[in-house]
Amino acid sequence: MATRKTLVRSRAGVRLQHIEHLARQQVVQSSWRLSTLRQNPPRSFADEMEAEDAFDMEVIASLTDPLIMDMQRRGLID
C-alpha cells in the first residue's frame, strides 16, 4: 500500500502532515500527523479540526520553549 504525505502547516518546529494510505490510486485511509522539535512524541489524529487545534496549541507551547526560541533566533527553524 502506498502512502502520500502532504505538509499542511509548519511553524516554530511544529509540522502538521496529511497522510493518505492509497490502494490503486484511491485513498483507503486518511489521517493527520503532528510532530514537534520539543520532546513530545508525534501524534496522529483522525479528525482534521482536532489536528489543526492541536497544531495551534503546540505552536504556542513551542514559542515559549527556550530551546525553540533560541533556534528561531539563530534562523535554524521557521
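Our subject is the structure that appears above.
Nothing here was measured: the structure is a model prediction, and the numbers come from that model. (Residues numbered from 1 in each chain as written. Predicted model: local features only at pLDDT ≥ 70, side-chain atom pairs only at ≥ 80, totals over all residues. Heavy atoms only, no water.)

**Q** Break down the sheet that holds strand β2 (residues 14–23) for me, with residues and values.
**A** What the 4 strands build is an open sheet, ordered β1-β2-β3-β4; its pairing is antiparallel. Each edge of the open sheet is held by one strand with a lone partner, namely β1 (2–11) and β4 (43–45). The mean inter-strand angle of the sheet, taken between neighbouring strand axes irrespective of direction, is 25°. Here 9 bridges tie β1 to β2, and the two strands are oriented antiparallel to one another. The partner of R4 across the bridge, within β2, is E20. (Pairing = 2+ DSSP bridges. Helix = DSSP H or I, 4+ residues; strand = E, 2+ residues; numbered from the N terminus. Axes fitted to C-alpha atoms, helices over the stretch in contact; angles between N-to-C directions.)

**Q** Please provide a residue-by-residue account of the pattern of salt bridges, values included.
**A** Any two side chains of opposite charge can pair, on the condition that their charged atoms come close. Tallying each qualifying case throughout the model produces 7 salt bridges. Between E20 and R4 there is a salt bridge whose closest N-O contact spans 2.7 Å. Here the residue E20 occupies a position in strand β2, and R4 occupies one in strand β1, the gap between them amounting to 16 residues. With a closest N to O distance of 3.6 Å, D70 and R73 form a salt bridge. Here D70 and its partner R73 are both found in helix α2 (residues 66–73), 3 residues apart, which amounts to about one turn of the helix. Judged by its relative accessible area of 61%, R73 is exposed. Salt bridges here are not isolated pairs; linked through shared partners, they connect R9, E52 and D56. (Salt bridge = Lys/Arg side-chain N within 4 Å of Asp/Glu carboxyl O. Buried < 20%, exposed > 50% of the residue type's maximum accessible area, 1.4 Å probe, protein only.)

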